Amino acid sequence: MAKMSPSTLRIGYRYRSGRLAPDYDAVVIGSGMGGLTTAALLSELGWKVCVLEQHYTAGGFTHSYERGGYEWDVGVHYIGEVGAATRTRKMFDFLSDGNLKWAPMDAEYDRFYVGDKVFNAIAGKQEFRDNLVRQFPDEVEAIDAYLRLLERSGDALSAFGMSRGMPALLRWVAKPWLAWKRRGPFRRLTWDVLSDLTSDRDLIATLCGQWGDMGMPPKRSPFMAHAMIARHYLYGGYYPVGGSWRIAETIIPKIQASGGEVFTYAKVETILVEDGKVTGVEMQDGHRIECACVISSAGVDNTFNHLLPDSVVARSGYRRRMQNVQPSVGHLGVYIGLQGTAEELGLPRTNFWIYPSNDYDAALDRFQEDKDAAFPIVYISFPSAKDPDYENRHPGTSTIEIVAPAPYEWFEKWRDATWGKRGDDYEAFKEALGERLLEYVYAKLPQLRGKVDYYEVSTPLSTNWFGGYQRGELYGLAHTQERLNQDWLRPQTNIPGLWLTGQDVLTCGVTGAMMAGLITTMSLVGARKMAPLLKVIYAGPGA
Ligand SMILES: Cc1cc2nc3c(=O)[nH]c(=O)nc-3n(C[C@H](O)[C@H](O)[C@H](O)COP(=O)(O)OP(=O)(O)OC[C@H]3O[C@@H](n4cnc5c(N)ncnc54)[C@H](O)[C@@H]3O)c2cc1C
């Protein structure tokens, strides 16, 4: 196994207080997709924006890292809605000036191993339907009813997004309309909605086979969150050509063009508040950056529980509100390097989802009680196979990644130790988990046994260390029904000068965080100033 050396793949400009400009129009905390989108859109409108990122490289969960001659993404396995001129694709094109390219995965973008059965999802609405009908010939009515519901969910999801960006008065006026758009199934749990359509447990399991994409199995997830993911991937999965780090690399020039910068190794310690108003941030080195507009993309837990002074949080009501939300589950990642190209090793451009049975909730319950129980979900991705440029950067090699849930509590006792120095017992524990997970790969692709050249295991503590989280949250806040009902999860806070963006404002996913960046910008500058920019972004025919 190669030595754990720091990654050489770094983007952004290393923070030094002397490198800061004296007059930023806004400071953004965190350079994930939410922070970068907000910064880039504001820059386009002429603002000078300073993005502060605590990690050694920019991008948040879109960053990649290199070790031992291999390269892995950490939070981007596939993105939907970028194969045609959709709103999502147009936004990516705008932010990256057309420099971010997308490679399609195989038509079979997701494969679900459910106990000893195999089902799958095929790209394209009609193809998706026909494939389901082939797998469940007695369930045509249920499948069509489900697809009609997905169609209708577009309206409910738009209303949800709009409500987050609306000014308070407009939101109050529009309340009955917004509630009507989110009526019926869009207020119920996924399991309840789907079991009204069918009693076929395998069909429900297949429809929910992507539950890991938002972290909540069907008996716990709101149907809205389920529909958001299912719609997103309906036309297939795509991968950023050149690796996920290209997302940040292609957006940063837009921020620099109007005098802004993305600083790395730039940990914000405190959001400064005087007389009830935000006045800037204090950095870990004690330096203060004065700015009347601070946008936090570091997640609401960090923002309200760690970055703001306690008295401000209590007075503004956020202490009480935070009790209605909880962190999403933690995860294990196994990053694998192999000698041989994806083609030579027979690696597909299809994600594998492996489940012990079709009762996803029961399997998760069992696992949470007993860590030796079967993993309730194991996700396997083949990034080098998905990236047509990988071979140019790392010839003759390939990569695989495994993701599986892991409660934060299992690792909590090592939380204060430094990365790479958590001790032999920590290393042995994660090694054992990693070995268990590797067996899932060999079970599906036996030709790989003996071919693994390198692997390392990440835990929820790695998410804390590199992603700045507190409890190894895979997707920020858990996507519960209650979370979707929290109206205060919006860009504008009631602390003047403080704004929120990123996945906690809307929903998880690179696109969720990007759209949060859009509504944060719109809330900040107002619809009138935003309209001409939206015209430019969404010019041309749509799909
Ligand atoms: C394993 C995994 C797989 C995923 N797969 C996919 C996928 O295939 N497709 C998809 O669309 N989505 C996927 N996601 C989800 C997606 O990556 C995230 O939802 C999205 O990128 C979140 O963006 P964000 O900007 O809200 O947060 P983040 O990307 O987490 O950015 C927040 C940033 O804030 C920084 N920060 C925190 N505190 C401070 C501080 N005090 N000072 C300075 N900086 C700070 C952090 O370092 C971080 O860079 C995946 C996530 C994970 C973890």
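Below, the structure is looked at part by part.

With respect to the nonpolar core
Core analysis: the biggest nonpolar cluster contains 135 residues, and Leu 52 and Phe 304 have the highest contact counts within it. Leaving out residues up to four positions away in the same chain, Leu 52 has contacts with Val 27, Val 28, Ile 29, Gly 30, Phe 263, Ala 266, Val 268, Val 281, Met 283 and Ile 289. Formed by 37 residues, the second largest nonpolar core is a distinct cluster that contains Ala 342, Phe 352, Leu 438 and Tyr 455.

What about the sheet that holds strand S16 (residues 351-355)?
Ordered in space as S8-S7-S16-S17-S18-S15-S19, the seven strands form an open sheet in which the pairing is mixed. The sheet is open, and its two borders are formed by strand S8 (117-122) and strand S19 (452-458), each paired with just one other strand. Sheet twist, expressed as the mean angle between neighbouring strand axes with direction ignored, is 15 degrees. Taken together, the five bridges between strand S7 (residues 108-114) and S16 define a ladder with parallel strand orientation.

Comments concerning the pairing of strand S12 (residues 277-283)
Here strand S11 (residues 268-274) runs beside S12; their pairing, made up of six bridges, is antiparallel. Bridge pairing in S12 links Glu 274 to Lys 277. Between S11 and the antiparallel strand that follows it, S12, lie two residues; Asp 275 among them carries a positive phi value of about 50 degrees. In the sheet, S12 pairs with strand S13 (residues 288-290) via three bridges, with the strands oriented antiparallel. Each bridged residue has a counterpart across the sheet, and for Glu 282 the counterpart in S13 is Arg 288. In textbook terms, the turn of a hairpin is the stretch between consecutive antiparallel strands, and for S12 and S13 this stretch comprises four residues, one of which, Gly 286, has a positive phi near 90 degrees.

A short note on empty space enclosed by the protein
In this structure the tally under the stated criterion is seven cavities of 30 Å³ or more. Reported here for the largest cavity is a volume of approximately 90 Å³. If you trace the largest cavity, you find it lined by Tyr 109, Phe 112, Asn 120, Ala 121, Phe 128, Leu 132, Tyr 146, Thr 206, Leu 207, Gly 209, Gln 210 and Ala 230. At the level of elements, S7, S8, helix H3 (125-135) and helix H7 (201-207) are the ones that each hand at least two residues to the lining of the largest cavity. Residue composition of the lining of the largest cavity, by class: eight nonpolar, four polar and no charged. Lining of the second largest cavity is provided by Thr 190, Leu 207, Cys 208, Gln 210, Trp 211, Met 214, Met 216, Pro 218, Ser 221, His 226, Ile 229 and Ala 230. Looking at the lining of the second largest cavity element by element, the count peaks at three residues for helix H8 (residues 223-233). Here the residues of the lining of the second largest cavity sort into eight nonpolar, four polar and no charged.

Focus on the packing of helix H4 (residues 140-165) against H8
Contact geometry of H4 with H8 gives a least axis separation of 9 Å together with a crossing angle of 105 degrees. Between H4 and H8, the crossing angle belongs to the class labelled roughly perpendicular. Contacts from Tyr 146, Leu 149, Leu 150, Glu 151, Ser 153, Gly 154, Ala 156, Leu 157 and Phe 160 in H4 reach Phe 223, Met 224, His 226, Ala 227, Met 228, Ala 230 and Arg 231 in H8. In terms of residue class, the contact of H4 with H8 is built from 11 nonpolar, three polar and two charged.

Let's talk about the sheet that holds S11
Ordered in space as S11-S12-S13, the three strands form an open sheet in which the pairing is antiparallel. The sheet is open, and its two borders are formed by S11 and S13, each paired with just one other strand. Taking the axes of each pair of neighbouring strands and ignoring which way they run, one obtains an average angle of 30 degrees across the sheet.

What about the pattern of salt bridges?
Here the structure, examined in full by the defined rule, presents 27 salt bridges. One salt bridge connects Lys 181 with Asp 155, and the closest N-O pair in it is separated by 3.0 Å. In this pair, Lys 181 sits in helix H5 (residues 168-181) while Asp 155 sits in helix H4, placing the two residues 26 residues apart along the sequence. Of the charged contacts, one joins Glu 409 and Arg 471 as a salt bridge, the two residues approaching to 2.8 Å between their closest N and O atoms. Here Arg 471 lies in the loop between helix H18 (460-467) and helix H19 (481-484) and Glu 409 lies in the loop between strand S18 (397-405) and helix H17 (424-444), a separation of 62 residues in the sequence. On the accessibility criterion, Arg 471 (27% relative accessible area) is partly exposed. Connected through shared salt-bridge partners, Glu 71, Asp 387, Asp 389 and Arg 393 make up one network.

Comments concerning the site of the ligand
Taken together, 35 residues lie around the ligand, and Glu 53, Gly 75, His 77, Tyr 469 and Gln 503 are the ones closest in. In this structure, an oxygen atom belonging to the ligand sits 2.6 Å away from a side-chain N or O atom of Tyr 469. Here Gly 509 contributes a backbone N or O atom positioned 2.8 Å from an oxygen atom of the ligand. Classifying every residue of the shell around the ligand gives 19 nonpolar, 14 polar and two charged.

Some details on the layout of surface pockets
Taken as a whole, the second largest pocket encloses approximately 540 Å³ of empty space. Looking at the second largest pocket, it is lined by 30 residues, and the ones nearest its centre are His 55, Trp 419, Ser 462, Trp 465 and Phe 466. Of all elements in the fold, only strand S4 (64-67), strand S15 (331-339), H17, S19 and H18 reach the threshold of two or more residues within the lining of the second largest pocket. In terms of residues, the lining of the second largest pocket owes the most to one element, H18, which gives five residues.

Let's talk about the pairing of S8
As judged from the six bridges shared by S7 and S8, these two strands associate in the antiparallel manner. In the sheet register, Asp 110 faces S8, and the bridge partner there is Ala 121. What sits between S7 and S8 in their antiparallel hairpin is a turn of two residues, with Gly 115 showing a positive phi close to 60 degrees.

Description of the packing of aromatic side chains
By the definition in use, this model includes 30 aromatic pairs. Consider the rings of Tyr 65 and Tyr 335, whose centres lie 5.5 Å apart with planes at 70 degrees: the pair is edge-to-face. In this pair, Tyr 65 sits in strand S4 while Tyr 335 sits in strand S15, placing the two residues 270 residues apart along the sequence. Considered together, Tyr 65 and Tyr 335 belong to a single accessibility category, that of buried residues.

Cut-offs used in this document
Residues numbered from 1 in each chain as written. Predicted model: local features only at pLDDT ≥ 70, side-chain atom pairs only at ≥ 80, totals over all residues. Heavy atoms only, no water. Core = buried A, V, L, I, M, F, W, Y, C linked by side-chain atoms within 4.5 Å. Buried < 20%, exposed > 50% of the residue type's maximum accessible area, 1.4 Å probe, protein only. Contact = heavy atoms within 4.5 Å. Pairing = 2+ DSSP bridges. Helix = DSSP H or I, 4+ residues; strand = E, 2+ residues; numbered from the N terminus. Axes fitted to C-alpha atoms, helices over the stretch in contact; angles between N-to-C directions. 1 Å grid on protein atoms, 1.4 Å probe; cavity = no way out; pocket = protein on both sides within 12 Å on 5 of 7 lines; lining within 4 Å. Points joined across faces, edges and corners; volume = space filled by probe spheres on them. Nonpolar A, V, L, I, M, F, W, Y, C, P; charged D, E, K, R; others polar. Parallel < 35°, antiparallel > 145°, perpendicular 65-115°, else oblique. Salt bridge = Lys/Arg side-chain N within 4 Å of Asp/Glu carboxyl O. Near = heavy atom within 4 Å. Polar contact = N/O pair within 3.5 Å; in protein donor to acceptor, adjacent residues only side chain to side chain. Phe/Tyr/Trp six-rings, centres within 6.5 Å; stacked < 30°, edge-to-face > 60°.

Don't take any of this as a statement about function, it's just geometry.
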